[in-house]
Amino acid sequence: MSPFNLETCARPNILALQPYRCARDDYKDDGTKILLDANENAHGPSLSAAAVSAVSQSSDGLGFDPLGLHRYPDPHQTALKQLLCGLRNTHAHTEKTLTAENLFVGVGSDEAIDTLLRCFCVPGRDRILTCPPTYGMYAVSAQANDVAIVKVPLLPAPTFGLDVPAVSAALSADPSIKLLYLCSPGNPTGSLLAKSDVVALLSHPSWNGVVVLDEAYIDFASGDASLAELVTEYPNLVVLQTLSKAFGLAGIRLGAAFAPAPIAALLNNLKAPYNVSSPTSALAASALGPQGLSVMRANTSKIFAQRDRVIAELPSIPGVGRLRGGTESNFLLYEMLNAQGQPDNAVALAVYEKLAETRGVVVRFRGKEHGCLGCLRITIGTEDEVTRLLEALREILAEVRG
């Protein structure tokens, strides 16, 4: 049993925080009330009739009225949270059921990353633990909040699994570590972390902290890979997700944190009162409905087909080395080799620059990340985009390697 204690792990000032409240927490708008409580402009949004008509046509069926933009959005987003719960209540990992009380929704999962830091880490004193190579925003948010970082690298490529003994030892040795940020599937690794490893860290015998499992790419993984519903079993687990990736809605900036109800309550107390806009909420709800889920699954199937194509064809290009990492995402991590057949950052950087500057194909240079020497991270695009990538990469590697 984990020794996790929210009362001693979270910052005292956050535990004592009284959240911002508005009159609509007490009297929700049902369409019949005269709303004179929030200093809104009762005359409506500054949109022309043509603009309102255009937005109305484009948002048909989303439950979104552009004429309502002069009103603040729902601060609780209960209906949206319930849709997210419905997506993750697979009961593949527990018989317990997620409810809206287990959700925080925000401006991308980045808001949740930052809110967790502010909730649990005292600036200048507490620390987080990350396992590189991993998503860069954990470090950026930590630095912005004056929180130090302890790093325990993942196991070497191609597995990029968790080094559970090393992470456990670091947690045992340093009680100032309050958050453990894990990414599964990893970015930039594309590797899914083993459930047993995550559970082992959740069950650490002495550490009083929170495991934050970032599942931004989980819908590209196979089976019932998401561990979101395990927040009903473990008091110290938070699972982050987003609609930016598999759902193709990066532009609306909608992320979610699944958490035990007491942690979710703290996160919701800490957030800005109207952090998710009405258009964002309506688009997200549509994407999480039956038709939206059907479209998402059709699109991910196309991505899987092109991912398989890249795996099959990329190694035949001279200068392309090993696949470093997993295939559980919508990107792949590959080595670029020098003339001697060795992974080489100079070659990878040159290929990265020439692809963008001379062929208009933008990938990501990851050679400076731990265990990623000479690597490019390549997102899987459409069939035409993949064709263009493969042709350009073949030509540029020939140029760079002489």
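To be clear, the structure that these remarks concern was listed above.
Residues numbered from 1 in each chain as written. Predicted model: local features only at pLDDT ≥ 70, side-chain atom pairs only at ≥ 80, totals over all residues. Heavy atoms only, no water.

The subject of this paragraph is the nonpolar core. One recurring pattern in soluble globular proteins: nonpolar side chains tend to sit buried together. Membership of the largest hydrophobic core comes to 80 residues, with the highest contact counts inside it found for Leu180, Leu182 and Met336. Looking at this core, the element that brings in the most residues is helix α14 (residues 383–401), giving seven residues. For leucine 182, the residues in contact, after removing those within four places along its chain, are Cys131, Tyr138, Leu162, Leu193, Val198, Leu201, Val211, Val212, Leu213 and Asp214. Grouped together as the second largest cluster of nonpolar side chains are 31 residues, Phe4, Cys121, Tyr138 and Val147 included. (Core = buried A, V, L, I, M, F, W, Y, C linked by side-chain atoms within 4.5 Å. Buried < 20%, exposed > 50% of the residue type's maximum accessible area, 1.4 Å probe, protein only. Helix = DSSP H or I, 4+ residues; strand = E, 2+ residues; numbered from the N terminus. Contact = heavy atoms within 4.5 Å.)

Turning our attention to the sheet that holds strand β1 (residues 103–107). Reading across from one edge, β1-β7-β6-β5-β4-β2-β3 is the order of the seven strands in this open sheet, with mixed pairing throughout. This sheet does not close on itself; its edge strands, each paired only once, are β1 and β3 (148–151). In this sheet, neighbouring strand axes are inclined to one another by 25° on average, regardless of whether the strands run parallel or antiparallel. The sheet contact formed by strand β4 (residues 177–183) and strand β5 (residues 210–214) spans five bridges and is parallel. The partner of leucine 182 across the bridge, within β5, is leucine 213. (Pairing = 2+ DSSP bridges. Axes fitted to C-alpha atoms, helices over the stretch in contact; angles between N-to-C directions.)

So, on to the state of the cysteines. Going through the model one piece at a time under the given rule, you end up with zero disulfides. This cysteine, cysteine 131, is not joined by any disulfide, and cysteine 183 carries the nearest cysteine sulfur, 11 Å off. Among the residues examined, cysteine 183 registers a relative accessible area of 10% and is labelled buried. (Disulfide = S-S within 2.5 Å.)

Following the criterion strictly, the structure yields four aromatic pairs and no others. Where tyrosine 135 meets tyrosine 138, the ring centres are 5.5 Å apart and the plane angle is 85°; that geometry is what we call edge-to-face. Here arginine 377 stacks its cationic end above the ring of phenylalanine 331, 5.5 Å away from the centre of that ring. (Phe/Tyr/Trp six-rings, centres within 6.5 Å; stacked < 30°, edge-to-face > 60°. Lys NZ or Arg CZ within 6 Å of the ring centre and 35° of its normal.)

A word on the environment of tyrosine 217. Its location among the elements puts tyrosine 217 in the loop between β5 and β6 (237–242). On the accessibility criterion, tyrosine 217 (8% relative accessible area) is buried. Sequence spacing of tyrosine 217 and phenylalanine 331 is 114 residues, and the spatial spacing of their C-alpha atoms is 9.7 Å.

As a further point, take unusual backbone geometry. Following proline 132, the chain continues into proline 133 via a peptide bond in cis, with omega recorded as 0°. Along the polypeptide, proline 133 turns up in the loop between β2 (127–130) and α7 (137–144). Look at the link from asparagine 187 to proline 188: it is a cis peptide, with omega at 25°. Within the secondary structure layout, proline 188 lies in the loop between β4 and α9 (195–202). With a phi close to 55°, glutamine 77 is a non-glycine residue in the positive phi region. Relative to the helices and strands, glutamine 77 is located in the loop between α4 (49–58) and α5 (78–88). Positioned with a positive phi, aspartate 146 is a non-glycine residue whose angle comes to about 55°.

A rise of 1.5 Å per residue sets the reference length of helix α13 (residues 345–359), with its 15 residues, at 21 Å; its end C-alpha atoms lie 20 Å apart and thus fit the reference within 8%. Those residues of α13 lying buried are Val347, Ala348, Val351 and Leu355. One side of α13 holds all its buried residues, which, seen down the axis, span an arc of 100°. Opposite its buried face, α13 presents the exposed residues Ala346 and Glu357, each directed more than 90 degrees away. If you follow the buried residues of α13, they end up packed against β9 (331–336), β10 (364–365), β11 (375–379) and α14. Of the residues flanking the start of α13, the one acting as N-cap is aspartate 344, its side-chain oxygen 2.7 Å from the backbone nitrogen of alanine 346. (Expected span 1.5 Å × (residues − 1). Arc of directions from axis to C-beta. Polar contact = N/O pair within 3.5 Å; in protein donor to acceptor, adjacent residues only side chain to side chain.)

With that settled, consider the sheet that holds β11. If you trace the four strands from one edge of the open sheet to the other, you get β8-β9-β11-β10, paired in antiparallel fashion. Strand pairing shows two members of the sheet lacking a second neighbour, β8 (320–323) and β10, which therefore form its edges. The sheet contact formed by β10 and β11 spans two bridges and is antiparallel. Of the residues in β11, the one forming a bridge with phenylalanine 365 is leucine 376.

We now examine the packing of helix α6 (residues 108–120) against helix α10 (residues 261–270). Two elements in contact, α6 and α10, have axes separated by 10 Å at closest approach and are oriented at 100°. With respect to their mutual orientation, α6 and α10 come out roughly perpendicular. Along its contact with α6, which presents Thr115, Leu116, Arg118, Cys119 and Phe120, the element α10 presents Ile263, Leu266, Leu267 and Leu270. In terms of residue class, the contact of α6 with α10 is built from seven nonpolar, one polar and one charged. (Parallel < 35°, antiparallel > 145°, perpendicular 65-115°, else oblique. Nonpolar A, V, L, I, M, F, W, Y, C, P; charged D, E, K, R; others polar.)

The next subject is the pattern of salt bridges. In this structure the tally under the stated criterion is 14 salt bridges. The partner of aspartate 126 in a salt bridge is lysine 178, and the shortest N-O contact between them spans 3.4 Å. Residue aspartate 126 is found in the loop between α6 and β2, and its partner lysine 178 is found in strand β4; the two are separated by 52 residues along the sequence. Lysine 178 matches aspartate 126 in its accessibility class, with the two residues each being buried. Here arginine 366 and glutamate 369 are joined by a salt bridge, their closest N and O atoms 3.8 Å apart. (Salt bridge = Lys/Arg side-chain N within 4 Å of Asp/Glu carboxyl O.)

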